[in-house]
Every structure is written in structure tokens, then in C-alpha cells.
Amino acid sequence: MSAWDLASFVAFAAAGIPPVYFALTLRAVNRPFSRLSLLLAGALFAHSIFHLVRALEGARPGILAIEAASAVLVLSFALAYWPLRRRDSRGP
């Protein structure tokens, strides 16, 4: 069991809490950014689970699927953010 993986689990899980809060508070006002916050939270929570499973079971090939899923969520976040950033950066 790696202390670094346990610390990473706690750090990533804690980092996922603010995006969940933003998603809940923005869901009525700005639905696209609410969904974007949920994607970010999902990526952070998936990566925290990767570290927890790796700390408990050690490095195994099946655990890499969890890490790949978190990477796909980060990519999805980036692709979803790109058009929203361009649309809102034009100004009034």
C-alpha cells in the first residue's frame, strides 16, 4: 500500500467537491457550465478512485482502465469547454 496513492486519492477527491458545488448552483442559471463542471468533477473522482484501487491492490493491468477512463473524461471536458470558451469570450 502506497502512502502517496492514498494521499493522491484524498487530494483528487477533495478537488472534485468544488466542481460538484458549482454544477449544482449553476444548473438553473447556466446549464452548459453546469454540465461542464460535472465532467470535471467526474474526471477528478474517477482519477481519485484509480489511486485508491492502486493503493489497495497494487499496480495491475485492469486498474489502468480506470486511469484511462479518467483521461477520457478530461478530454471530454476539454472538448466541451472549447466551444463554450469561444462563445463567451466575444464580449458584449
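The structure this text deals with has already been given above.
Source: prediction; values computed, not measured.

Before going further, it helps to examine the overall build of the protein. Helix and strand content of the protein: four helices and zero strands. Ordering the α and β elements of the protein from the N terminus gives α-α-α-α. If one aligns the C-alpha atoms of the protein with their principal axes, the spans along those axes are about 55 × 20 × 15 Å. Buried residues in the protein amount to 23% of all 92 residues. In the protein, 67% of the contacts between residues at least 6 apart in sequence involve partners at least 24 apart.

Applying the stated criterion to the full structure yields one salt bridge. With its nearest N and O atoms 3.1 Å apart, the salt bridge here joins R54 to D5. Of the two residues, R54 sits in helix α3 (residues 31–57) while D5 sits in helix α1 (residues 3–15), which places them 49 residues apart along the sequence. Taking relative accessible area as the criterion, D5 reaches 6% and is therefore assigned buried.

So, on to the environment of T25. Take T25: it is sitting in helix α2 (residues 17–26). With relative accessibility at 40%, the residue T25 sits in the partly exposed group. Separated by 44 residues in the primary sequence, T25 and A69 place their C-alpha atoms 26 Å from one another. In terms of polar contacts, T25 uses its side chain to reach the backbone carbonyl oxygen of F22, at 3.1 Å.

The next point concerns the packing of aromatic side chains. Evaluated as defined, the whole model comprises two aromatic pairs. Between the aromatic rings of F77 and Y81, the centroid separation amounts to 6.2 Å while the plane-to-plane angle is 15 degrees, which identifies the pairing as stacked. Here the residue F77 and the residue Y81 both occupy positions in helix α4 (residues 64–88), the gap between them amounting to four residues, near one helical turn. Overall, the relative accessible area of 22% leaves F77 in the partly exposed class.

Residue placement: P19 occurs in helix α2. What makes P19 buried here is its relative accessible area of 7%. Counting along the chain gives 18 residues from P19 to S37, while the straight-line C-alpha distance between them is 5.0 Å. Those residues in contact with P19 that lie beyond four places of it in its chain are S37, L40, A41 and L44.

What counts and how
- The numbering scheme is per chain: residues are counted from 1 as the chain's sequence reads.
- In view of the model being predicted, local features appear only for residues whose pLDDT reaches at least 70, and side-chain atom pairs are presented and counted only at 80 or more, with totals across whole chains, interfaces and linings using the full set of residues.
- Heavy atoms from the whole structure form the basis of all side-chain values; hydrogens and water molecules are not counted.
- A run of DSSP states H or I qualifies as a helix once it reaches four residues; a run of E qualifies as a strand once it reaches two. Both are numbered from the N-terminal end.
- Three labels apply to residues, based on accessible area from a 1.4 Å probe with only protein chains included: buried if under 20% of the type maximum, exposed if over 50%, partly exposed otherwise in between.
- Throughout, a residue-residue contact means that at least one pair of heavy atoms, one from each residue, lies within 4.5 Å.
- The salt bridge criterion pairs a side-chain nitrogen of Lys or Arg with a carboxyl oxygen of Asp or Glu, the two atoms within 4 Å.
- Polar contacts, as used here, are pairs of N or O atoms within 3.5 Å; protein pairs need one atom able to donate a hydrogen and one able to accept it. Residues neighboring in sequence count only if both atoms are side-chain atoms.
- Only centres within 6.5 Å qualify two rings of Phe, Tyr or Trp (six-membered ring in Trp) as a pair; their planes then separate them into stacked at under 30 degrees, edge-to-face at over 60, and tilted for everything else.

So yeah, pure geometry; function would need other evidence.
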